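Okay, here's what each chain looks like letter by letter:
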Amino acid sequence: MPTIKKSVEFSGVGIHSGLPVRMVVKPSKRHGIFFRRVDLGKNLISAKFDNVGDTKMRNTTVGDINAAHVKTIEHFMAAMFMAGIDSAIVEIDGPETPILDGSAIEFYKTISGAGVTGGKMKRIVVRRPVYVSAREVFQSLPFMLRAKIWFMNLLSGCTTDGFVKLTPSEKKSLNISATLVYREKIIGYQNFSYSYDGTKKSVQDFVKNIARARTFGKYSEWEYLKKHGMARGANENNVIALNSNGDGTLNKTFWPDEFVRHKIIDAIGDMFTSSGFIIGNLESYKGSHAMNNMVLKKLFSNPDNYDIIDA
Ligand SMILES: [Zn+2]
């Protein structure tokens, strides 16, 4: 049960709530990553896939959306995974992690800088393929929500032909391939692959090519989203803003394909709600947090689908 050697702290605003938040990551002897909403009480909120309450707002939320919960945990979870830490208590005084610069770099640097103690995390070996389609996720939602998403998709030109697939790998690594297809020219079709095999080299690859990739959104949607309680903390310092023509961005990008590289961060973070190192191939075609969550639920719904190897 690797945990963080000493406590580290982050502060900033939540990207959706816009609220200021302070978060302290502390060592723990208990397996798993748990949030504690210090503004609400002492209860622990598990950062596991089976405690994911809400993914419709384009982020991953753990806990009860109507009570104690923590939103947008994915970038932080990706950093914890890459730092090799599967056990910690995260005290947080608000409903959402700080967005920082919209990427995972600050989370990763601070957490890995604090050091790790207590061995290696368990491995979860995918034995049988598991598949989730966007249509499946959509159909599992309540009618009113479906109507809202249908409207948002209409605005953004999203379709429901995406899928997320977990398959067995011959290598001892997590191999992620992400594809984005957008009608906005600046994104268009983008694909990026990344493999994590537990070596320093694969961590360096993450730091160099993925960790800095920021979240993105359409500037023209901000007003609508803000009205509906989303993106209230979004600004040019934490989101790549696409212009209304869809052929450029209002702020500079680090790479032309920064968008799809960010999708890799989201996928790593979401896969880590499994609480282990998944050995397998994750193919994400126009994937989403909701599909990532459902694919884990399917994987763990049948013991024949996976093996757990304790390190
Ligand atoms: Zn993200």
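The text that follows walks through the structure, step by step, so that each part is easy to find.

Calculation criteria
Residues numbered from 1 in each chain as written. Predicted model: local features only at pLDDT ≥ 70, side-chain atom pairs only at ≥ 80, totals over all residues. Heavy atoms only, no water. Helix = DSSP H or I, 4+ residues; strand = E, 2+ residues; numbered from the N terminus. Rg over C-alpha atoms; globule rule 2.2 N^0.38 Å. Buried < 20%, exposed > 50% of the residue type's maximum accessible area, 1.4 Å probe, protein only. Pairing = 2+ DSSP bridges. Phe/Tyr/Trp six-rings, centres within 6.5 Å; stacked < 30°, edge-to-face > 60°. Axes fitted to C-alpha atoms, helices over the stretch in contact; angles between N-to-C directions. Left-handed = near helix turned anticlockwise from the far one by under 90°. Contact = heavy atoms within 4.5 Å. Donors = N, O, S within 2.8 Å, 3.2 Å for Na, K, Ca; no water. Patch = residues over 30% accessible without salt bridge, like charges linked within 9 Å, V, L, I, M, F, W, Y side chains within 5 Å. Areas by Shrake-Rupley, 256 points an atom, 1.4 Å probe, with all protein chains shown as cover. Salt bridge = Lys/Arg side-chain N within 4 Å of Asp/Glu carboxyl O. 1 Å grid on protein atoms, 1.4 Å probe; cavity = no way out; pocket = protein on both sides within 12 Å on 5 of 7 lines; lining within 4 Å. Points joined across faces, edges and corners; volume = space filled by probe spheres on them. Core = buried A, V, L, I, M, F, W, Y, C linked by side-chain atoms within 4.5 Å.

## Some points on the overall build of the protein chain
- Scanning the protein chain from terminus to terminus reveals eight helices and 19 strands.
- Expected size for 311 residues packed as a compact globule is a radius of gyration near 19 Å; at 18 Å, the protein chain falls within 12% of this value.
- Expressed as lengths along the three principal axes of its C-alpha atoms, the size of the protein chain is roughly 50 × 45 × 40 Å.
- Counting across all 311 residues of the protein chain, residues that qualify as buried make up 56%.

## Here's the deal with the pairing of strand 11 (residues 123-126)
- Bridging between strand 11 and strand 18 (residues 277-285) involves three bridges; their strand directions are parallel. In the strand pairing of strand 18, I124 is matched with I278.
- Relative to strand 19 (residues 306-309), strand 11 runs antiparallel, the two being bridged by four bridges. Bridge pairing in strand 19 places R123 opposite I309.

## With respect to the packing of aromatic side chains
- Summed over the entire model, instances satisfying the criterion amount to 17 aromatic pairs.
- Centroid distance F10 to F107: 4.8 Å. Interplanar angle 65°. Geometry classified as edge-to-face. Here F10 is found in strand 2 (residues 8-13), whereas its partner F107 is found in helix 2 (residues 105-114), with 97 residues between them in sequence. F107 shares its class with F10; the two are buried.
- With a centroid separation of 6.2 Å and an interplanar angle of 55°, the aromatic rings of Y194 and F206 are classed as tilted. Note that Y194 is positioned in strand 15 (residues 189-196) and F206 in helix 5 (residues 200-209), a separation of 12 residues in sequence.

## Looking at the packing of helix 7 (residues 258-271) against helix 8 (residues 289-301)
- At a closest axis distance of 10 Å, the pairing of helix 7 and helix 8 adopts a crossing angle of 35°. You can see that helix 7 and helix 8 cross each other, and the crossing is right-handed. Two secondary-structure elements touch here, helix 7 through D266, A267, D270 and M271 and helix 8 through H289, N292, V295 and L296.

## Structural notes on the pairing of strand 9 (residues 87-92)
- With six of its six residues buried, strand 9 lies for the most part within the structure.
- Going residue by residue along strand 9, you find S87, I89 and E91 tucked away on one face and A88, V90 and I92 tucked away on the opposite face as well.
- Sheet topology places strand 3 (residues 20-26) next to strand 9; four bridges connect them, and they run antiparallel. Paired with V24 across the bridge in strand 9 is E91.
- Sheet topology note: the strand 4 (residues 32-37)/strand 9 ladder contains six bridges and is parallel. Note that in strand 9 the partner of G32 across the bridge is S87.

## Let's talk about unusual backbone geometry
- Phi angles above zero are rare outside glycine, and L100 is one such case at about 55°.
- Assignment of secondary structure puts L100 in the loop between strand 9 and helix 2.
- Judged by its relative accessible area of 17%, L100 is buried.
- Although it is not a glycine, S275 sits at a positive phi angle of roughly 70°.
- Looking at where S275 falls in the secondary structure, it is placed in the loop between helix 7 and strand 18.

## What about the environment of M82?
- By the secondary structure assignment, M82 is in helix 1 (residues 74-83).
- Since its relative accessible area comes to 3%, M82 is described here as buried.
- A C-alpha to C-alpha distance of 21 Å links M82 and E96, two positions 14 residues apart in sequence.
- Not counting residues within four places of it along the chain, the set of residues in contact with M82 comprises Y108, Y194, Y196, S202, V203, F206 and I268.

## So, the coordination of the zinc ion
- For the zinc ion, the protein coordination sphere consists of H75 (NE2), H262 (NE2) and D266 (OD), at 2.0 to 2.1 Å.
- Positions of the donor residues of the zinc ion, expressed as sequence spacing, correspond to H-x186-H-x3-D. Here H75 is found in helix 1, whereas its partner D266 is found in helix 7, with 191 residues between them in sequence.
- Its relative accessible area of 5% is what places H75 among the buried residues.

## Quick look at a nonpolar patch on the surface
- A contiguous nonpolar patch, built from W150, F151, L154 and L155 and spanning about 430 Å² of accessible area, is present on the exposed surface.
- Tracing the sequence through the fold places L155 in helix 4 (residues 143-156).

## A short note on the layout of surface pockets
- A volume near 520 Å³ is recorded for the second largest pocket.
- Residue lining of the second largest pocket: 21 residues in total, with A83, G84, K120, Y196 and G198 positioned closest to the centre.
- Breaking the lining of the second largest pocket down by element, the ones donating at least two residues are helix 1, helix 2 and helix 5.

## A short note on the nonpolar core
- By size, the foremost hydrophobic cluster in this structure holds 80 residues, and its most contacted members are V25, F35, F76, I111 and F206.
- For this core, the leading source of residues is helix 1, giving eight residues.
- Apart from residues no more than four positions distant in its own chain, F206 is found in contact with M82, A104, Y108, Y194, A211, I265 and I268.
- Formed by 11 residues, the second largest nonpolar core is a distinct cluster that contains I15, A231, A234 and A241.

Just geometry here; none of it tells us what the structure is for.
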